[in-house]
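Fold and contact review
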Amino acid sequence: MNIFSAYKVKIKHYNKIFEDTVKIYREAVSFFIDICDKEWSILEPLKNLERCREIEKLALYTKQNPNPKYSFHEKFYKMPSYLRRSAVNTALGCYSSYQSNLKNWKENPAGKKPKLQPDRNVMPTLYKNNMYIRTGTDMARIKIFHKNDWVWLDIELNRQDVKYIQNHCRFKKEYVPTLKKQGKCWYLTFVFEDKVKFENADIQNQIICSVDLGVNNNAVCSVIQSGGTVAARKFVNLASEKDHLYKALNRVKKAQQNGAEKTPVLWKHVNDINTDISRKTAKQIIEFAAQYRADVIVFEHLDTGSRKKGSKKQRLHLWRKQEIQKTVEHKAHILGIRISRVCAWNTSRFAYDGSGKVERGTYYQNGEKKYNYSICIFQNGKQYNCDLNASYNIGARYFVRELLKSDSVRKRLPKQTKDSDYGTGTTRTLSTLIRLNADLCGMSA
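Residues numbered from 1 in each chain as written. Predicted model: local features only at pLDDT ≥ 70, side-chain atom pairs only at ≥ 80, totals over all residues. Heavy atoms only, no water.

Comments concerning the pairing of strand S10 (residues 230-236)
Across 6 bridges, the pairing between strand S9 (residues 219-225) and S10 is antiparallel. Pairing of Ile224 across the sheet is with Val230, part of S10. (Pairing = 2+ DSSP bridges. Helix = DSSP H or I, 4+ residues; strand = E, 2+ residues; numbered from the N terminus.)

Let's talk about the nonpolar core
Residues Ile11, Phe18, Phe31, Phe32, Phe72, Ile155 and Leu188 are the most contacted members of the largest nonpolar core, which totals 55 residues. For this core, the element with the most residues is helix H1 (residues 19-38), which contributes 10 residues. Leave out the neighbours within four places in its chain, and Phe32 touches Ile55, Ala59, Phe72, Arg84, Ala87, Val88 and Ala91. Judged by nonpolar contacts, the second largest core, of 30 residues, contains Val342, Tyr398, Leu430 and Leu440. (Core = buried A, V, L, I, M, F, W, Y, C linked by side-chain atoms within 4.5 Å. Buried < 20%, exposed > 50% of the residue type's maximum accessible area, 1.4 Å probe, protein only. Contact = heavy atoms within 4.5 Å.)

Quick look at the pairing of strand S4 (residues 150-157)
In terms of strand pairing, strand S1 (residues 2-12) meets S4 through 2 bridges, oriented antiparallel. For Ile11, the partnering residue across the bridge sits in S4 and is Leu157. The pairing of strand S3 (residues 139-145) with S4 spans 7 bridges and is antiparallel. In the sheet register, Phe145 faces S4, and the bridge partner there is Trp150.

Considering the packing of helix H3 (residues 48-59) against helix H4 (residues 81-107)
Packing of H3 against H4 leaves a shortest axis separation of 10 Å and a crossing angle of 115°. Crossing angle aside, the handedness with which H3 passes H4 is right-handed. Contacts from Asn48, Arg51, Cys52, Ile55 and Glu56 in H3 reach Arg84, Arg85, Val88, Asn89, Leu92 and Ser96 in H4. Among the residues making up the contact of H3 with H4, the classes are represented as 4 nonpolar, 3 polar and 4 charged. (Axes fitted to C-alpha atoms, helices over the stretch in contact; angles between N-to-C directions. Left-handed = near helix turned anticlockwise from the far one by under 90°. Nonpolar A, V, L, I, M, F, W, Y, C, P; charged D, E, K, R; others polar.)

Focus: the sheet that holds strand S12 (residues 338-343)
Taken in spatial order, the 5 strands make up an open sheet running S10-S9-S8-S11-S12, and their pairing is mixed. The strands lining the two open edges of the sheet, one partner per strand, are S10 and S12. Strand-to-strand, the axes of this sheet are offset by a mean angle of 25°, without reference to chain direction. One ladder, built from 6 bridges, connects strand S11 (residues 296-301) with S12; its direction is parallel. Paired with Ile297 across the bridge in S12 is Ile339. Against the sheet, helix H9 (residues 321-334) makes contact with strand S8 (207-213), S11 and S12, and its axis sits at roughly 145° relative to S12, the strand it touches most.

Looking at the packing of helix H6 (residues 239-257) against helix H7 (residues 264-291)
Two elements in contact, H6 and H7, have axes separated by 9 Å at closest approach and are oriented at 160°. Taken together, the axes of H6 and H7 lie roughly antiparallel to each other. As for the relative orientation of H6 and H7, their crossing is left-handed in sense. Along the contact surface, H6 presents Glu241, Lys242, His244, Leu245, Ala248, Leu249, Arg251, Val252, Ala255 and Gln256, while H7 presents Leu266, Trp267, His269, Val270, Ile273, Asn274, Asp276, Ile277 and Lys280. By residue class, the composition of the contact of H6 with H7 is 10 nonpolar, 4 polar and 5 charged. (Parallel < 35°, antiparallel > 145°, perpendicular 65-115°, else oblique.)

Some details on the environment of Arg435
By the secondary structure assignment, Arg435 is in helix H12 (residues 430-444). Assessed through its relative accessible area of 39%, Arg435 is described here as partly exposed. The sequence separation of Arg435 and Phe72 amounts to 363 residues, and the corresponding C-alpha distance is 72 Å. Residues within four places of Arg435 in sequence aside, it is in contact with Asp421 and Tyr422. Within the structure, Arg435 has its side chain in polar contact with the backbone oxygen of Asp421 (distance 3.5 Å). (Polar contact = N/O pair within 3.5 Å; in protein donor to acceptor, adjacent residues only side chain to side chain.)

Details of the pattern of salt bridges
For side chains of opposite charge, pairing can occur when their charged atoms come near one another. Within this structure, the stated rule accounts for 17 salt bridges. Between Arg341 and Glu329 there is a salt bridge, with its nearest N and O atoms 3.6 Å apart. Note that Arg341 is positioned in strand S12 and Glu329 in helix H9, a separation of 12 residues in sequence. Look at Glu329 and you get partly exposed, because its relative accessible area is 26%. Between Glu402 and Lys405 there is a salt bridge, with the nearest N and O atoms lying 3.5 Å from each other. Of this pair, Glu402 and Lys405 both sit in helix H10 (residues 386-405), separated by 3 residues, roughly a single helical turn. Overlapping salt bridges bring together Glu56, Arg84 and Arg85 as one network. (Salt bridge = Lys/Arg side-chain N within 4 Å of Asp/Glu carboxyl O.)

Quick word on the packing of aromatic side chains
Applying the stated rule across the entire model yields 22 aromatic pairs. Centre to centre, the rings of Tyr95 and Tyr98 are 5.5 Å apart; their planes meet at 50°, and the pair counts as tilted. A residue pair is termed a helical-turn pair when its members lie 3 or 4 positions apart in one helix, as Tyr95 and Tyr98 do in helix H4 at 3 residues. For Tyr95, a relative accessible area of 2% puts it in the buried group. A relative accessible area of 15% places Tyr98 in the buried class. Site record: aromatic cluster; members linked through ring pairs are Phe31, Phe32, Phe72 and Phe76. Directly above the aromatic system of Tyr82 lies the positively charged group of Arg85, at a separation of 5.6 Å from the ring centroid. (Phe/Tyr/Trp six-rings, centres within 6.5 Å; stacked < 30°, edge-to-face > 60°. Lys NZ or Arg CZ within 6 Å of the ring centre and 35° of its normal.)

So, the side chain of Arg84
Within the secondary structure, Arg84 sits in helix H4. In contact with Arg84, not counting residues within four places along its chain, are Phe32, Glu56, Leu60, Phe72 and Met79.

Right, here's the structure in full:
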């Protein structure tokens, strides 16, 4: 499997000098998108490389092509050839995507009809030797449009960013960089390719790390074996980072109470803290899974796109569960760890020991009634952490599903056995996995 990673390197000492280059590149992309729209009947049956050549025939003046249909050189004088080809490829990708969306809409006309957007917020790709030359460890030369001409500019790269790439991407294939602007700073974004081979371990020999993402605890992780043995547990709760987040939210609240309609600086601080929380959460999940050599990391399939209600709706809006899963998935694939997801229904509602539904929130301590939504009460009276209980059930659902799909396991069970004999996907718990393994051991005996 090929894994692609992107790392950005800050360009020092420059701010507005690249804006003309980006403006010209975007105008060139719009120019080629317009050509694609007018000549798509000719371009559509061709392959990608042939499309690029056909567009160049339609737009570029050469000795063999003295009268092109569209004059590119009149609008973009002396534009570097590789930057022009980058604009052609970008335009073809944008227009092909538009045509695909339009075709899907015609087959199923739901929502508004797709519209062609010729003005795209794209950034130029700097091909080596023609647009980008590395002159030192933290020095490079790039070609830009400055003072009505295309000239080479010597730039200095952030040494810390360069060292980070050297340490983490030394043996990976490097692709050409892309110019990028974030805030008031400019960066070169490098893409690296890494080839990873996953081991095909038998389901009965697998070790998994089941993860329950939550609002109270950032994550609760459990290392579970196929027999139902829980080998390790970990609570990820970034308390100090959450305190910083709530203080930042209070600043926004006070500013709004004082009449401020828009507070972009304060909200940027909130989003930065929230992003830091999601990255630290993902890092701890990966480190825990790698520590116990997990073959698979199992998440819930979380779909919370509906409208949030209640007193905790702001916390739910700030909950970046998809970003955490995406980050963990990328880092896990680099380490050769697979990712799987199970249905999220009732993972917290049923007790892992099979005693039935739990009661959340209300519990008794020293004869005194207390309330904590992180605590659940089993029907047999046991008090347990609700998120930890859910992580057990998440791992069990994965194993039961995969075991019942395995041919070697099905051969050991009676022929009349059905999947429903071990509950449905929304009612399976850790006790279901233990019972399945007991049946397998009894059959083999």
